[in-house]
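Take a look at the letters that make up each chain.
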Amino acid sequence: TVSDLVNNAVQIVFGIIFVVISIVYFVLYVVRKNKVKKIKNSSDWSKVSSELDSSNTVSYDKYNLFLTSTYIVDGLKGLTVIPYQDIIWVYLYEYRYNGIVCNRKIMVVTRDGKKQEIAGISGIHRSKNNYMEILENISSRCPNALVGFNGENQKKIKEMLKKNK
């Protein structure tokens, strides 16, 4: 009957959607796992690991973020290790939808021009205090980096990246 055909078609469509979503999540899992393995197998991991155990390390558990004396270690989306000496610009990024802040994160731009997000959490945020504290800590650990998002910093970064090419 027609209702059986419709039910079978609906089941097939949902099955296909489930398989596609499962494949996407599996690929993301493998990519993140390989990234973590690559970092842990690098020669610098022992130094990063010892610095994480240091008393000078500032941790932000809510964001799975650690600021050591020479590295930013972000574990929110996989594992990201950024040396302070590579940072040229750091700023707070806010995504707004209908005037409401839906997502806040800190963007870090490195010497090679890569933008990396740290301390990003989705959801409605009422306060920027934690993010501003993280920005202050990062800027105190890498004083040569530009801090804040504005037109002047954008121009300086474009010039710096052109010189590096």
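Residues numbered from 1 in each chain as written. Predicted model: local features only at pLDDT ≥ 70, side-chain atom pairs only at ≥ 80, totals over all residues. Heavy atoms only, no water.

(A) Representation of the pattern of salt bridges in the model. Scanning the model with the defined rule gives four salt bridges in all. For Lys 105, the salt bridge identified is with Glu 117, shortest N-O distance 3.0 Å. Of this pair, Lys 105 sits in strand β6 (residues 100–110) while Glu 117 sits in strand β7 (residues 115–122), placing them 12 residues apart in sequence. Each of the salt bridges in this network shares a partner with another, and the network as a whole consists of Glu 94, Arg 96 and Arg 104. (Salt bridge = Lys/Arg side-chain N within 4 Å of Asp/Glu carboxyl O. Helix = DSSP H or I, 4+ residues; strand = E, 2+ residues; numbered from the N terminus.)

(B) Structural context of the sheet that holds strand β4 (residues 80–83). Here we have four strands laid out as an open sheet, ordered β1-β2-β3-β4, and antiparallel in their pairing. On the outer flanks of this sheet lie β1 (58–60) and β4, each paired with one strand and no other. Geometrically, the sheet is characterised by an average inter-axis angle of 15 degrees between neighbouring strands, direction not taken into account. Relative to strand β3 (residues 71–74), strand β2 (residues 65–67) is paired through three bridges, and the arrangement is antiparallel. Paired with Leu 67 across the bridge in β3 is Ile 72. (Pairing = 2+ DSSP bridges. Axes fitted to C-alpha atoms, helices over the stretch in contact; angles between N-to-C directions.)

(C) A look at helix α3 (residues 129–141). Compared with the 18 Å implied by 1.5 Å per residue over 13 residues, the 18 Å span of α3 between its first and last C-alpha is a close match. Of all the positions in α3, only Tyr 131, Ile 134, Leu 135, Asn 137 and Ile 138 are classed as buried. Projected onto a plane normal to the axis of α3, the buried residues spread over an arc of 165 degrees and lie on a single side. When the buried face of α3 is taken as reference, the exposed residues oriented beyond 90 degrees from it are Asn 129, Glu 136 and Ser 140. (Expected span 1.5 Å × (residues − 1). Buried < 20%, exposed > 50% of the residue type's maximum accessible area, 1.4 Å probe, protein only. Arc of directions from axis to C-beta.)

(D) View of unusual backbone geometry. One non-glycine residue with positive phi stands out, namely Asn 64, at about 55 degrees. Following the sequence through the fold, Asn 64 ends up in the loop between β1 and β2. Of the residues examined, Asn 64 reaches a relative accessible area of 30% and is grouped as partly exposed. The phi torsion at Asn 98 lies on the positive side, around 55 degrees, for a residue other than glycine. Along the chain, Asn 98 falls in the loop between β5 (87–97) and β6.

(E) Quick peek at the side chain of Glu 51. Along the chain, the position of Glu 51 falls in helix α2 (residues 45–52). Glu 51 gets classed as buried once you look at its relative accessible area, which sits at 9%. In this structure the side chain of Glu 51 is engaged in a polar contact, spanning 3.3 Å, whose partner is the side chain of Ser 69. Setting aside residues up to four positions removed in sequence, Glu 51 forms contacts with Thr 57, Thr 68, Ser 69, Thr 70 and Tyr 71. (Polar contact = N/O pair within 3.5 Å; in protein donor to acceptor, adjacent residues only side chain to side chain. Contact = heavy atoms within 4.5 Å.)

(F) Structural context of the packing of aromatic side chains. Enumeration according to the criterion identifies four aromatic pairs in this entry. Pairing Trp 89 with Phe 149 gives two aromatic rings, centres 5.7 Å apart and planes at 10 degrees, and the pair type is stacked. Here Trp 89 is found in strand β5, whereas its partner Phe 149 is found in the loop between β8 (146–147) and α4 (151–164), with 60 residues between them in sequence. The class of Trp 89 is buried, set by a relative accessible area of 4%. Judged by its relative accessible area of 49%, Phe 149 is partly exposed. On the basis of an interplanar angle of 50 degrees and a centroid distance of 5.0 Å, the ring pair of Tyr 91 and Phe 149 is categorised as tilted. Of this pair, Tyr 91 sits in strand β5 while Phe 149 sits in the loop between β8 and α4, placing them 58 residues apart in sequence. Classification of Tyr 91 as buried rests on a relative accessible area of 4%. (Phe/Tyr/Trp six-rings, centres within 6.5 Å; stacked < 30°, edge-to-face > 60°.)

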